[in-house]
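Here is how the chains run, residue by residue.
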Amino acid sequence: MKKLICFELRKIFSKRLALIAFVAILLFSALLSFSTYQNKYAFDQNIGEGSGKTAVKIDKEIASRYEGILTDEKVQQMMSDFALTSDLHGLNAVYIYQNAIQSAAFARFSDQNGNWNGLSVSDVFGDDKIKIGYVDGWLSTSRNLVRTFVALALVVIIMIAPVFSGEYEGVDNIILTSKYGKTKCAVAKVIASILIAIITTAFVAAFNLLFAFVFYGTDGLDCSILFAPSDYVEAFIPFNITCGTLLKYQILLAFTCTLSTTGVTLFLSAVSKNQIVAFVSSIAIFLFPVLLPVSEINPLFRLVGLLPLYHVLAVSLLSVEQMHNGMLYAIWAIPAALLFLGIGSFASRKVFAKHQVL
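Visitor: Could you clarify how one ought to interpret the packing of helix α4 (residues 72–81) against helix α5 (residues 100–109) in this entry?
Guide: Contact geometry for α4 and α5: axes closest at 10 Å, N-to-C directions at 110°. In terms of orientation, α4 and α5 fall into the roughly perpendicular class. Considering how the two elements wind past one another, α4 and α5 form a crossing that is left-handed. Along the contact surface, α4 presents V75, M78 and M79, while α5 presents I101, A105, F106 and F109. Looking at the contact of α4 with α5, its residues break down into 7 nonpolar, no polar and no charged.

Visitor: Hey, could you run me through empty space enclosed by the protein in this one?
Guide: Empty space among the atoms becomes apparent when a probe as large as a water molecule is rolled across them. Overall, the coordinates contain 4 cavities of 30 Å³ or more when judged by the stated rule. Space inside the largest cavity adds up to approximately 80 Å³. Lining of the largest cavity is provided by S33, T36, S140, T141, N144, L145, N208, F211, A212, F215 and Y216. Where the lining of the largest cavity is concerned, the elements lending two or more residues are α2 (16–38), α7 (136–160) and α10 (182–216). For the lining of the largest cavity, the leading source of residues is α10, giving 5 residues. Across the lining of the largest cavity, the residue classes break down as 5 nonpolar, 6 polar and no charged.

Visitor: For this particular structure, what's the right way to read the side chain of T141?
Guide: Within the fold, T141 resides in helix α7. Look past the residues within four positions of T141 in its chain and what remains in contact with it is A212 and Y216.

Visitor: What's the story with a nonpolar patch on the surface in this structure? I'm lost.
Guide: On the surface, M1, I191, L195 and I199 cluster together into a nonpolar patch covering about 310 Å² of accessible area. Summarising the element assignment, L195 is placed in helix α10.

Conventions used here
- Residues numbered from 1 in each chain as written.
- Predicted model: local features only at pLDDT ≥ 70, side-chain atom pairs only at ≥ 80, totals over all residues.
- Heavy atoms only, no water.
- Axes fitted to C-alpha atoms, helices over the stretch in contact; angles between N-to-C directions.
- Helix = DSSP H or I, 4+ residues; strand = E, 2+ residues; numbered from the N terminus.
- Parallel < 35°, antiparallel > 145°, perpendicular 65-115°, else oblique.
- Left-handed = near helix turned anticlockwise from the far one by under 90°.
- Contact = heavy atoms within 4.5 Å.
- Nonpolar A, V, L, I, M, F, W, Y, C, P; charged D, E, K, R; others polar.
- 1 Å grid on protein atoms, 1.4 Å probe; cavity = no way out; pocket = protein on both sides within 12 Å on 5 of 7 lines; lining within 4 Å.
- Points joined across faces, edges and corners; volume = space filled by probe spheres on them.
- Patch = residues over 30% accessible without salt bridge, like charges linked within 9 Å, V, L, I, M, F, W, Y side chains within 5 Å.
- Areas by Shrake-Rupley, 256 points an atom, 1.4 Å probe, with all protein chains shown as cover.
- Salt bridge = Lys/Arg side-chain N within 4 Å of Asp/Glu carboxyl O.

Function cannot be inferred from these measures alone, as they are strictly geometric.
This is the structure in structure tokens:
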């Protein structure tokens with residue numbers, strides 16, 4: 001069995017399209033990380049302004065002034081330090097961006113003219129203790145991972161779709177089934193496909209985190225996602241977690257997505273007599289949820305949100321209210337992934353094992 005699994009792994013990675021797809025996802029990750037880093041901007045009247053590396057340095061220096069637990073005194077200090085000195089010409093001050101800390105403060109504690117809106121920390125965040133610091137880099141990484149993991153799921157489909165469908169007219173399958181039997185060959189294909197999904201997900205996640213560490217360091221990993229610049233949807237997650245915890249959830253959901261996708265793709269590969277049909281049907285089913293008019297506040301989202309695509313759209317799944325026992329609803333993605341993978345693996349093995357190759 002070990003030889004069969006290794007043979008299947010080599011066969012998957014030896015396909016030109018699979019190699020191109022794998023290299024493409026790494027290049028996409030690198031370009032996305034680098035362009036995000038280069039497009040950073042920050043301004044401070046005492047430090048100056050800059051983009052890229054300079055902007056990150058400015059934002060970190062500003063964050064260091066206020067780091068720690070957010071208090072009403074710090075809010076007042078921020079509103080004083082970042083007081084606007086020019087006419088907004090009707091623009092709402094909430095949408096003014098000078099630097100990450102200023103944007104986070106104005107989004108929650110400013111009126112439309114840039115003055116304090118009278119809210120206290122407890123008014124905005126309740127009883128939660130909000131630790132603030134430099135979170136901009138890690139929240140950018142989180143946002144980039146959404147795009148990267150969606151692309152990764154498509155790469156997994158490209159790699160796995162031919163596993164069964166590509167064998168129905170192949171000579172390798174005839175030889176191997178003659179020697180090992182159809183059942184063992186089918187099991188080896190399923191195991192190899194699962195390993196492909198796990199290995200590629202782990203590698204892509206580590207690759208992206210490496211870029212983030214190089215660009216942003218470790219600052220802010222233990223800070224809350226709730227005190228974030230106004231353009232980050234992560235701030236709408238209805239509970240207080242750190243950037244590090246968010247990334248852990250996101251990577252876990254990336255694994256559940258690719259494993260769920262593997263189960264679906266294996267089944268479609270087994271029932272499709274043509275590789276193109278397996279490709280197209282797998283991608284269509286993966287992307288189908290975006291066509292459903294179901295928002296996060298709709299009760300039906302508790303079911304729709306467990307489809308593979310929504311696993312990588314982590315913020316949507318994490319935005320669903322916690323269950324009564326305090327457990328995150330997103331944790332249901334794990335049994336959902338095991339269900340998709342289990343049914344897909346079992347059904348594809350049965351379908352392929354019954355196929356007459358001799």
